[in-house]
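# Topology and contacts: notes
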Amino acid sequence: MIVKRNELTWFERLYLPALIGGLKVTSRHFLNTLTTKTPVTQQYPEEPTKVLPGYRGAPYLVRDQDGATKCVSCQLCEFVCPPKAIRITPPGPTGKPADRTNAEKMPEEFEINMLRCIFCGLCQEVCPEEAIFLKSDFSLTGLARSEMIYDKEKLLALGGTHPGIQKWKHKLDEAKEQETFPVKV
Amino acid sequence: MSAPATTEAKPAAPTAAPAPPPPSDKIKIKVDGREIEVPKMMPDWQGKPQPTTMLQACQLAAHEVPHYCYHPKLPIAGNCRMCLVEFGTPQMGPDRKPVLNEDGTPKIAKSVLPYEPTTPRGAIACATPISPGMEIYPNSPATKQMREAVLESLLINHPLDCPICDQAGECKLQEYSVQHGQAESRFVEAKVHKPKAVDLGPRIVLDDERCVLCTRCIRFTKDIAGDDALGIVNRGSYNTIAAWAEGKFDNNYTLNTVDICPVGALTSKDFRFQMRVWFMKETKSLCTSCGTGCNIVVGSREEKVYRYEPRQNDAVNSTWMCDSGRLNYKWIGRADRLQKCGMRIAERGMLEVAWPTALKGISAKLASAPSSSVAIVASARQTTEELWLLSKLAKKFNALTDSVARNGEGDKLLVNADKNPNSNGARLTGISGPQLGANLAKIAEGIRSGSIRTLIVFGEDVTKHGIGADLLAKLDTLIVSDILPNATTAAAHFVLPGCAHVEKRGTFVNVKGRVQKFMKAVEAPGDARPEWEFLHELVHNVTGQNGFSTIEGLFNQMAHEVPGFAGLEWAKLGDTGVTVQI
């Protein structure tokens, strides 16, 4: 396709008016900045940063609407984690029973090393239980390396609640319904 | 599966008259359009020759047919229907002669439904024998549709338990769903719920919802273990596996059903919720609980052993192992393992020392020991290479040597009455005579009379075998290597921390004379070193003979010098070992 170019008028061909026009814009911004009418620098950390929805901050564990740990210790996040920041201790045969009704297991310990975490979000993506979410925290500090390894309690406290469909409970209810005869379906 | 060695077709006798062709024991068939020749008969689960099945033929043609209920070491049940394949046979005319196509090739009649000749009718590959000229279509659209439909039917009531199911990662249902299944479920009704976490026996938990009713566990326990403890109860969708009485599935082979269960229905109580299988490093090793020497795979992660699983070796254990051997791994990670070399100094008691100090100390003591004043007790739990190195030391000092016999109860299947994994290794290297432990009394007597002043003990607590603490106190030098602390290590002048078999490499000779090697799965704790490593140094220091400093070289050298191992090489042992004359 050939686009036809418009011929420039003689006024445009003078060149100087366009130059002056451009300088006007530049000097307007310059003066506005000089008189702090339009701020360009954010005074972090005095001024908190507004994080937009969908931002990928630190991964935290969440609880369901009943306040139960959603994680069932399937260890897929531990497997997928590229910097190997996640470390899960499974409950074993003698571990504490799961918080969630009918979920059979939950992690005995769940640790995320925030120094290693790269906030990639693969853990959230891979989680079959919707138990781990990247929240909006991005500036994590601590006085020692050991402080930066967040354990299960801390992760759950930071993560808050995240209601879901409660599939394990739903399954149990469904099973209970089938105990009576005739079976309701 | 590799093709078993079969007798080749005999060439016709070179006579002038055209002799009738000898009956061939091979059949020509076509698998997925490619012609191959397969043996007419192949070994069944018991090793008896039976007509080759379509599944075996497909395996020979390198086409994996998906299956749940079929297992090469179990009788065929044919109930899962997963191995359905479309096939065709040469069409026969009324004169019982094959009908030919225009180009002279035999016309193939595909199997179809009797009254619906346009609908393909599959046959289960695991139980259908092949016939000459048969064509199998393991990748045809009809076969794919059959697999898809069978999987859909199996998944109707299967729970979406994968996040909490121990089988996830080694589950055939997961694998085949990805390979052959549909992407989405069309099932909208409520799933049938069955009991979960049922206690079948002391080592087995059953999740009935996950069961696909392949009956592998039932056939195993009935036909292999000889304990008809399991069966199917209830009807239709409510079919469940059950033991004849609650918790009574308790024979010594129950955990094999966990291995052969294609789904997560049967799980091991010991391994339940311990570790996800995809993290496990798998190392080829041997079970050391008895003289059978079952081949195993050690599952470990980050220097911790999580489980033993049997590994196929038809010359030793088929694909099975006993529960007692399988669960005998927990001592490896015990906290009280010997981790430091110890050296007793008169006034200061037992001191923790580094390896060079300990070995130098031992070498100095042994250098001044007169001939016949040394005795060696080496456990038949040590590897053959270690026993051989010890026999070199014994030769130098003309020492009395022996092992300790460990006898228990055996059974008909796998468990042997000899509880040492390497009794024959001790015999072949000359550490012990035909009867293990026959020299122990002589050694005790020698210590009592004062003729034996130095005792070297490897891997045994001799206080339990006739050489009590009072006798040990009489010795000038007591050199002990062991894995766990005991009364002998407590009395020792030198303690050398050794390795469990999963922490080193080596060979064992089982009761039938099979020389098998095992590999290293985890690192030894603390300063502990494989015994052959420091024994090699010690032999060099004491006898002046230098040998190979690798396990391969050491084994080859031993095979060269010990007549019982003549002709063997480390590399020739392979994964399943070689049998020697004993």
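Residues numbered from 1 in each chain as written. Chains lettered and ligands numbered in written order. Predicted model: local features only at pLDDT ≥ 70, side-chain atom pairs only at ≥ 80, totals over all residues.

### Details of the overall build of chain A
When helices and strands are tallied, chain A shows five helices and five strands. Reading the secondary structure of chain A in the N-to-C direction produces α-β-α-β-β-α-β-β-α-α. Since a compact globule built from 185 residues should have a radius of gyration of about 16 Å, the 28 Å found for chain A marks it as more spread out than a globular shape. Projected onto its principal axes, the C-alpha positions of chain A cover 95 × 50 × 30 Å. Looking at chain A as a whole, 25% of its 185 residues qualify as buried. In chain A, 75% of the contacts between residues at least 6 apart in sequence involve partners at least 24 apart. (Helix = DSSP H or I, 4+ residues; strand = E, 2+ residues; numbered from the N terminus. Rg over C-alpha atoms; globule rule 2.2 N^0.38 Å. Buried ≥ 20, exposed ≤ 12 C-beta atoms within 10 Å, placed from the backbone. Contact = placed C-beta atoms within 7 Å.)

### Some words on the interface of chain A and chain B
Chain A puts 18 residues into the contact, and the matching count from chain B is 14 residues. For the side of chain A that touches chain B, the class distribution of residues is ten nonpolar, four polar and four charged. (Nonpolar A, V, L, I, M, F, W, Y, C, P; charged D, E, K, R; others polar.)

### Some thoughts on the domain arrangement of chain B
The domains assigned to chain B are domain 1 (26-93 + 105-154), domain 2 (159-169 + 185-333) and domain 3 (341-579). Domain 1 of chain B and domain 3 of chain B are separated by 54 Å when their C-alpha centres are compared. (Domains from an automatic or database assignment.)

### Looking at helix 13 (residues 531-543) of chain B
Helical periodicity: at 3.6 residues per turn, an α-helix aligns residues three or four positions apart in one direction. Residues and elements named next belong to chain B. With 13 residues, helix 13 should cover 18 Å at 1.5 Å per step; its first-to-last C-alpha distance of 17 Å lies within 8% of that length. Looking at helix 13, one finds that the buried residues are E531, W532, F534, L535, H536, L538 and V539. Looking at the residues trailing helix 13, positive phi occurs at G544, about 80 degrees. (Expected span 1.5 Å × (residues − 1).)

### Re the nonpolar core
Counting 142 residues, the largest nonpolar core has B:C83, B:I136, B:I376 and B:L390 as the members making the most contacts within it. If we ignore the near neighbours within four places in the chain, the residues touching B:I136 are B:I29, B:V31, B:M54, B:A57, B:C58, B:V85 and B:F87. Listed in part, the 32 residues of the second largest apolar core include A:V62, A:C71, A:M106 and A:I132. (Core = buried A, V, L, I, M, F, W, Y, C linked by C-beta atoms within 7 Å.)

### Some remarks on the environment of A:V51
By the element assignment, A:V51 lies in the loop between helix 1 (16-34) and strand 1 (59-61). Placed 84 residues apart in sequence, A:V51 and A:K135 show a C-alpha to C-alpha distance of 10.0 Å.

### Quick notes on the packing of helix 8 (residues 384-397) of chain B against helix 13 of chain B
Residues and elements named next belong to chain B. One way to put it is that helix 8 packs onto helix 13 with a least axis distance of 9 Å and a crossing angle of 20 degrees. The orientation of helix 8 relative to helix 13 falls into the category roughly parallel. The chirality of how helix 8 crosses helix 13 is left-handed. Residue-level contacts link E385, E386, L389, L390, K392, L393 and K396 of helix 8 to E531, W532, L535, H536, V539, V542 and T543 of helix 13. Class assignment of the residues belonging to the contact of helix 8 with helix 13 gives a composition of seven nonpolar, two polar and five charged. (Axes fitted to C-alpha atoms, helices over the stretch in contact; angles between N-to-C directions. Parallel < 35°, antiparallel > 145°, perpendicular 65-115°, else oblique. Left-handed = near helix turned anticlockwise from the far one by under 90°.)

### Some details on the sheet that holds strand 27 (residues 514-518) of chain B
Pairing is antiparallel in the open sheet, where three strands are placed in the order 26-27-28 (chain B). Looking at which strands have only one partner, the edges of the open sheet turn out to be strand 26 (506-509) and strand 28 (578-579) of chain B. (Pairing = 2+ DSSP bridges.)

### Concerning unusual backbone geometry
All names here are of chain A. In this structure, P45 follows Y44 across a cis peptide bond, with omega equal to 5 degrees. Inspection of the secondary structure puts P45 in the loop between helix 1 and strand 1. A positive phi angle, close to 65 degrees, is found at S73, a residue other than glycine. Mapped onto the fold, S73 is located in the loop between strand 1 and helix 2 (76-80).

### Remarks on the sheet that holds strand 12 (residues 204-206) of chain B
Residues and elements named next belong to chain B. Sheet architecture is open: three strands sit in the order 11-12-15, paired in antiparallel fashion. The open sheet has two edge strands with one neighbour each: strand 11 (198-201) and strand 15 (266-268). Pairs of neighbouring strands in the sheet enclose a mean axial angle of 35 degrees, with direction left out of account.

### Brief notes about the pairing of strand 23 (residues 454-458) of chain B
Residue and element names in this part refer to chain B. By the criterion of burial, strand 23 is predominantly enclosed, with five of the five residues buried. Pairing of strand 23 with strand 24 (residues 477-482), which is carried by five bridges, proceeds in the parallel orientation. Bridge pairing links L455 to L478 in strand 24.

### Here's the deal with helix 8 of chain B
Between its first and last C-alpha atoms helix 8 of chain B spans 20 Å; for 14 residues at 1.5 Å apiece the expected length is 20 Å, and the two agree. Residues of helix 8 of chain B that are buried: B:T384, B:E385, B:E386, B:L387, B:W388, B:L389, B:L390, B:S391, B:K392, B:L393, B:A394 and B:F397.

### Quick notes on the packing of helix 7 (residues 355-367) of chain B against helix 13 of chain B
The axes of two packed helices give the description: the angle between them and the distance between them. Residue and element names in this part refer to chain B. Following both chains from N to C, one finds helix 7 and helix 13 inclined at 40 degrees, their axes separated by 10 Å at the closest point. As summarised for this structure, helix 7 and helix 13 are arranged oblique, according to the angle between their axes. The two elements helix 7 and helix 13 meet at a crossing, and its hand is right-handed. Residues W355, L359, I362, S363, L366 and A367 of helix 7 lie in contact with helix 13, whose contacting residues are F534, E537, L538, N541 and V542. Broken down by class, the residue content of the contact of helix 7 with helix 13 amounts to eight nonpolar, two polar and one charged.

### Focus on the pairing of strand 24 of chain B
All names here are of chain B. Burial within strand 24 is extensive, with six of its six residues counted as buried. The side-chain alternation of strand 24 yields two buried faces, one formed by T477, I479 and S481 and the other by L478, V480 and D482. In this fold, the crossover linking strand 23 to strand 24 by way of helix 11 (residues 469-474) has right-handed handedness. Judged from the four bridges that link them, strand 24 and strand 25 (residues 494-497) form a sheet pairing that is parallel. Counterpart to V480 in the pairing with strand 25 is V495. (Right-handed = clockwise from strand over helix to strand, strands pointing away.)

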